[in-house]
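Coordinate inspection notes
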Amino acid sequence: MKDWAKMIVWILAAATFICVAVFCFEYFPKDVFAFGMEIGGNNIGGLSKNEAEEKLEKTVKEFYQKKISFNFLSEEDTYSESIKIKDIGINLNIKESLKKPFYIGKNKTFFENLKEKIGALQGKYNFPLMAEVSDESFDNFLTENFGQYETLPRNADIVFNDKSLNFEIEEPKEGSLFSREKVKKEIIKDGEYLKINDIYL
């Protein structure tokens, strides 16, 4: 066989292989997450919804048992307290977190699906877990353990001095309150990717 004929055979064979690979990659299977897909830093590519849910439930259960450290630092005092992630009131919604990632590489045009699936293989998709923090649990923990370090602001007021028997002006006083919403956002942001970082109040 002449060289040009061999080249044509090789080209046809390569083209056939690529077409078959692309076809299989695009159409099989349909009921699993795109290969390379991650949620909260956990690879769930190639898994069905049930398999992905079971895997994440196990990982989240372990995450809930870990402890997060809260720290208060000032010129007068330093105090730290640790608490389990679960007890701070964080909740990770696994079922809702799986909905959007499942449709990456599905229900679009052939080329859009292919582009997304290749992107997943390249590590471009790492979705966060849907997280929220219970206001009650969070506030109770901070109040019980760090409430002594918070003071409410006070306006100027007129008070009666029992010793001098005169009215006096009591100077206003600035308060010192923790930015609780900011702290909660930090916890949620870390929780979305199952990370733990110390909190400084």
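Everything in this summary refers to the structure shown in the same document. (Residues numbered from 1 in each chain as written. Predicted model: local features only at pLDDT ≥ 70, side-chain atom pairs only at ≥ 80, totals over all residues. Heavy atoms only, no water.)

Quick look at the overall build of the protein
Across its full length, the protein carries six helices and 10 strands. Burial statistics for the protein: of 201 residues in total, 32% are counted as buried. Excluding contacts between residues fewer than 6 apart, the proportion of contacts in the protein whose partners are at least 24 apart in sequence is 64%. Within the structure as shown, the protein displays about 13600 Å² of accessible surface, and the carbon and sulfur contribution to it stands at 56%. (Helix = DSSP H or I, 4+ residues; strand = E, 2+ residues; numbered from the N terminus. Buried < 20%, exposed > 50% of the residue type's maximum accessible area, 1.4 Å probe, protein only. Contact = heavy atoms within 4.5 Å. Areas by Shrake-Rupley, 256 points an atom, 1.4 Å probe, with all protein chains shown as cover.)

Digging into the sheet that holds strand 4 (residues 78-84)
Strands pair in a sheet through their backbones, by hydrogen bonds, and they do so in one of two ways: parallel or antiparallel. One open sheet holds the three strands; their spatial order is 4-3-10, and the pairing between them is mixed. Unpaired on one side and paired on the other, strand 4 and strand 10 (199-200) mark the two borders of the sheet. Where strand 3 (residues 67-73) and strand 4 come together, seven bridges link them in antiparallel fashion. Bridge pairing in strand 4 links N71 to S80. (Pairing = 2+ DSSP bridges.)

Section: the environment of G40
Within the secondary structure, G40 is located in the loop between strand 1 (38-39) and strand 2 (42-43). For G40, a relative accessible area of 3% translates into the label buried. Residues within four places of G40 in sequence aside, it is in contact with N126, F127, P128, L129, E192, Y193 and L194.

Regarding the packing of aromatic side chains
Under the defined criterion, the tally for this structure stands at four aromatic pairs. Ring centres 5.4 Å apart and planes at 85 degrees place the aromatic pair F102 and Y103 in the edge-to-face group. With 6.2 Å between their ring centres and 5 degrees between their planes, Y125 and F127 make a pair best called stacked. Classification of F127 as buried rests on a relative accessible area of 14%. An aromatic cluster of three or more residues is present, and its members are F33, F102 and Y103. The ring of F102 has K49 lying over it, and the distance from NZ or CZ to the ring centre is 4.5 Å. Cation over ring: K106 sits above F102, and NZ or CZ is 4.3 Å from the ring centre. (Phe/Tyr/Trp six-rings, centres within 6.5 Å; stacked < 30°, edge-to-face > 60°. Lys NZ or Arg CZ within 6 Å of the ring centre and 35° of its normal.)

Considering the sheet that holds strand 2
Pairing is mixed across the open sheet formed by three strands, whose spatial order is 2-1-6. One side of each edge strand has no neighbouring strand; the edge strands of this open sheet are strand 2 and strand 6 (126-127). Bridge analysis of strand 1 against strand 2 gives two bridges, and the strand direction is antiparallel. Within strand 2, the residue paired with I39 across the bridge is N42.

Side note on empty space enclosed by the protein
Taken as a whole and assessed by the stated rule, the structure comprises one cavity of 30 Å³ or more. With three residues, helix 6 (residues 180-191) is the largest single contributor of residues to the lining of the largest cavity. (1 Å grid on protein atoms, 1.4 Å probe; cavity = no way out; pocket = protein on both sides within 12 Å on 5 of 7 lines; lining within 4 Å. Points joined across faces, edges and corners; volume = space filled by probe spheres on them.)

Some remarks on the pattern of salt bridges
The tally for this structure, following the rule as stated, stands at six salt bridges. In this structure, the salt-bridge partner of K184 is D135, at a minimum N-O distance of 2.2 Å. With K184 in helix 6 and D135 in helix 5 (residues 135-146), the pair connects residues that are 49 residues apart, well separated along the chain. One network of salt bridges, with partners in common, ties together D135, E181 and K184. (Salt bridge = Lys/Arg side-chain N within 4 Å of Asp/Glu carboxyl O.)

Observations concerning helix 4 (residues 110-121)
For helix 4, built from 12 residues, the straight-helix expectation of 16 Å at 1.5 Å per residue is met to within 8% by its first-to-last C-alpha distance of 17 Å. Of all the residues in helix 4, the buried ones are N113, L114, E116, K117, G119 and A120. (Expected span 1.5 Å × (residues − 1).)

Some details on the environment of I187
Considering the arrangement of structural elements, one finds I187 in helix 6. Classification of I187 by relative accessible area gives buried; the value is 5%. C-alpha of I187 to C-alpha of I199: the two residues are 12 residues apart in sequence and 8.2 Å apart in space. For I187, the contacting residues outside a window of four places in its chain are I68, F70, I88, I90, V133, F138 and I199.

Interpretation note: all reported values are geometric properties and have no functional meaning in isolation.
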